[in-house]
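# Analysis of the macromolecular model
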Amino acid sequence: MSKFYITTAIAYVNASPHIGHSLEFIQADVLARYHRLRGDDVYFLTGTDEHGVKIYETAKEAGVETKDFVDKNAKKYMALKETLALSYDDFIRTTEVRHKAGAKKIWNKMFEAGDIYKDVYKGNYCVGCEAYIPDKDLDENGNCPIHKKKPKLLEEENYFFKLSKYSDRIRKAIESDELLVLPASRKNEMLNIIGEDGLKDVSFSRPKEILPWGIDVPNDDSQVMYVWCDALSNYITAVGYEKEDDLFKKVWPCDVHLIGKDILRFHAGIWIGMLFSAGVKLPKAVYVHGFVTSEGQKMSKTTGNVVDPLAYVEKYGVDALRYYLLREIPTMDDGDFSHTRFVDLYNSELANSLGNLVNRVVMMTERYVGGKVPAMSDGGGVKNVVEDIFARYGGAFSAFDLKAVCECIVELVDFSNKYIDDKKPWAMAASGDAGLNGVLYDLLELLRFICILLLPILPQASLKIAEQIGLKGGDIKFGGEWGILKEGGPVKKMEGTLFPRIEESA
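The sections below set out a description of the structure shown in this document.

Here is what the cut-offs are and how they apply
Note that residues are indexed from 1 along each chain, following the sequence as it is written. Under the rules for a predicted model, residues below a pLDDT of 70 receive no local features and side-chain atom pairs below 80 are neither given nor counted, while totals for whole chains, interfaces and linings still include all residues. In computing side-chain values, all of the structure's heavy atoms are included and hydrogens and water are not. Helix numbering and strand numbering both begin at the N terminus, where a helix is a DSSP run of H or I of at least 4 residues and a strand a DSSP run of E of at least 2. This radius of gyration counts C-alpha atoms alone. The globule rule is 2.2 Å times how many residues there are, raised to the power 0.38. Buried residues are those whose accessible area, probed at 1.4 Å on protein chains only, stays under 20% of the maximum for their type, while exposed residues exceed 50% and partly exposed ones sit between those limits. Contacts are assigned to residue pairs that have any heavy atoms within 4.5 Å of one another. All accessibility values rest on the Shrake-Rupley procedure with a 1.4 Å probe; residue burial counts only the protein chains present in the view. Residues scored as charged are limited to Lys and Arg (positive) and Asp and Glu (negative), so that His and the chain ends carry no count. Where a charge sits is defined by one atom per residue type, namely NZ (Lys), CZ (Arg), CG (Asp) or CD (Glu). Polar contact criterion, stated in full: a pair of N or O atoms within 3.5 Å, where within protein one must be able to donate a hydrogen and the other to accept it, and residues adjacent in sequence count only if both atoms are side-chain atoms. The criterion for strand pairing is that DSSP finds at least two bridges linking the strands in question. A helix is expected to span 1.5 Å for every residue after the first. Site definitions follow a grid-based scheme: protein atoms alone, a 1 Å grid, a 1.4 Å probe that fits but cannot get out for cavities, and for pockets an open set with protein on both sides within 12 Å along at least five of seven lines, plus lining residues having an atom within 4 Å of a point. Grid points are joined across faces, edges and corners, and a volume is the space filled by probe spheres set on the points. Three classes are used: nonpolar for Ala, Val, Leu, Ile, Met, Phe, Trp, Tyr, Cys and Pro, charged for Asp, Glu, Lys and Arg, and polar for all others, with Gly counted as polar. For Phe, Tyr and Trp, where Trp contributes only its six-membered ring, two rings pair if their centres lie within 6.5 Å, and the inter-plane angle classes them as stacked under 30 degrees, edge-to-face over 60, or tilted in between. Note on criteria: charge over ring means Lys NZ or Arg CZ within 6 Å of the ring centre, with the direction from the centre no more than 35 degrees off the ring normal. Only one rule defines a salt bridge in this text: a Lys or Arg side-chain nitrogen within 4 Å of an Asp or Glu carboxyl oxygen. Lines fitted to C-alpha atoms define the axes, with helix axes restricted to the stretch in contact, and inter-axis angles between N-to-C directions lie between 0 and 180 degrees. Note on angle classes: values under 35 degrees are labelled roughly parallel, values over 145 roughly antiparallel, values of 65 to 115 roughly perpendicular, and the remainder oblique. Crossing handedness: left-handed means the near helix sits turned counterclockwise from the far one by under a right angle, and right-handed means the same turn made clockwise.

### Thoughts on the overall build of the protein
A tally of regular secondary structure across the protein gives 19 helices and 16 strands. Taking 23 Å as the expected radius of gyration for a compact globule of 506 residues, we find that the protein reaches 26 Å, a close match to that expectation. Oriented by its inertia axes, the alpha-carbon framework of the protein measures out at about 90 × 45 × 40 Å. By the burial criterion, 56% of the 506 residues in the protein qualify as buried. Long-range pairs, those at least 24 residues apart, make up 77% of the contacts in the protein between residues at least 6 apart in sequence. Split by element, the accessible area of the protein, about 21600 Å² in all, is 49% carbon and sulfur. Side chains of the protein carry 64 positive and 75 negative charges; the gap between the two charge centres is 2 Å.

### Description of the side chain of Ser87
Considering the arrangement of structural elements, one finds Ser87 in the loop between α4 (80–83) and β4 (90–93). We classify Ser87 as buried; its relative accessible area is 14%. A distance of 2.6 Å separates polar atoms of two side chains, one belonging to Ser87 and the other to Asp29. Of note is the side chain of Ser87, whose polar atom sits 2.7 Å from the side chain of Arg36.

### Considerations on the sheet that holds strand β9 (residues 202–203)
Two pairing modes exist for strands in a sheet, parallel and antiparallel, and in both the strands are linked by backbone hydrogen bonds. Strand order in the open sheet made by the four strands is β6-β5-β7-β9, with antiparallel pairing throughout. Bordering the open sheet on either side are β6 (131–133) and β9, each of which pairs with just one other strand.

### Here's the deal with helix α11 (residues 264–278)
Along its 15 residues, α11 runs 21 Å from first to last C-alpha, staying within 8% of the 21 Å computed at 1.5 Å per residue. The buried fraction of α11 amounts to 14 of the 15 residues, a majority that puts the element mostly inside the structure.

### Here we look at empty space enclosed by the protein
Tallied over the full model, the rule gives one cavity of 30 Å³ or more. Looking at the largest cavity, its volume works out to about 100 Å³. Along the walls of the largest cavity sit 14 residues, with His51, Gly52, Tyr226, Val227 and Asp230 positioned nearest its centre. The biggest single contributor to the lining of the largest cavity is helix α8 (residues 227–232), with three residues. By residue class, the composition of the lining of the largest cavity is eight nonpolar, three polar and three charged.

### Brief notes about the packing of aromatic side chains
Centre-to-centre distance and the angle between the planes together describe a pair of aromatic rings. Applying the stated criterion across every chain yields a total of 37 aromatic pairs. Plain terms: the ring middles of Tyr34 and Phe478 are 5.8 Å apart, the flat faces sit at 90° to each other, and that makes the pair edge-to-face. Remark: Phe478 occurs in the segment after α19 (459–468) and Tyr34 occurs in helix α1 (residues 19–37); sequence separation between them is 444 residues. Residue classification places Tyr34 among the buried residues on the basis of a relative accessible area of 5%. A network of ring pairs unites the aromatic residues Tyr34, Phe390, Tyr393, Phe397, Tyr441, Phe449, Phe478 and Trp482 as a single cluster. When the ring centre of Tyr88 is taken as origin, the NZ or CZ atom of Lys81, which lies over that ring, is 4.6 Å away. One cation-aromatic arrangement involves Arg206 over Tyr125; the distance from NZ or CZ to the ring centre is 4.6 Å.

### Structural notes on the pattern of salt bridges
Under the defined criterion, the tally for this structure stands at 31 salt bridges. Connected through shared salt-bridge partners, Glu50, Lys67, Asp71 and Arg93 make up one network.

### Some details on the packing of helix α15 (residues 380–398) against helix α16 (residues 402–423)
A pair of packed helices is characterised by two quantities: the angle between their axes and the separation of those axes. Contact geometry of α15 with α16 gives a least axis separation of 7 Å together with a crossing angle of 165°. One finds that α15 runs roughly antiparallel with respect to α16. Crossing of α15 against α16: the hand is left-handed. Touching Val382, Val385, Val386, Ile389, Arg392, Tyr393, Ala396 and Phe397 of α15 are Leu402, Ala404, Val405, Cys408, Ile409, Glu411, Leu412, Phe415 and Tyr419, all from α16. Split by residue class, the contact of α15 with α16 holds 15 nonpolar, no polar and two charged.

This is the structure:
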């Protein structure tokens, strides 16, 4: 058994969850579920980032205490576990005692290494990014390229981290794939960011008079930690870094940090430098996804095109939302959320192809062989198709291509439907063809394989299909071995419809 430790970026709690959060949480959940299915010892972490100027100012504008503000919003993110069918093992909040203690420990380790010093910083500070932005990274109008607003020109006495000291080591780790960055385009992007001149030292604290809401710098309570040491350290503080307990020794180094493309330089640059400085092993990989647009445009409250993931789950079910985000949005690139496409994809691939396949196979088994699994067939050429799809399915996971994972499932569903059309079990039953039992067994086994492939993607639907062919959740084991369904096992159609068609105009 291998261990698999996966994290999401922790969500900033200045506002409610949006579709981008849902995409990242669901992608991470799929990876975690896949590795559990493979028999790995999985630890899946997510959480919330609850300090910073933006949160402090937003709470102040709302006329509420900052702690009450973050508590309220953190609960919204914690509730996503049930809403989005997430299987995370831990949820870290940066206001927790365990996090503060661990963040102070890594600060002290870096200080002891001679990598934290005090100086005056003058630069362009974007409140939206909670980050200083070099002049070269501003757009042609002098605005933050993400928030389209001019940053504030700040001059402060801060602590700094000697990131420049580790620039060459970071470059070599990325070039050699010691730190695997996927997709390759993001690896190249990060290497370009490092460039010939290397990474520059970064501001590592803020004066408490400017930001009273944060973690005190060790031995200097006039300063609070800036986002780098506060937020990024959650990946180790959540698993017991402070005392380096058994959980930390078991799961670290992290196998996958799953992040959005806008925070690549922080995770593949600053975070890696911090770990080098503190003498902590590097994570193994950083997987990077893109952004979600809405109806072809960037989401904006002003234009009214913001997609509420909770509304979609409430109306269409969590499996429908998970499927769209995984099947339609390119895993490592930007993708669009279109209601028309959502309805079309759901009806064509879930309701028509998959839902009808399950319904047909189960009903024919009930009608022609009394609702019992018939005698096992040898699988013939069907086994070869399954083995090929299983191999490509695993390869897609290794390449962090969840869209390709979904395509493997679609391919197996389409093959199964074509197998029915080619074999015509109804005609075989009418003519008394002795090969009927073998065909039905093949189809039931195909449903079992679909359950396996579907489990990380649509866990609820997978279990509903499994139940109809006489399996329990624990019976769904990864692998392409043929003939697991036993003769005489019960097959029974579920009440209701697996995927009811959406009857509405888009």
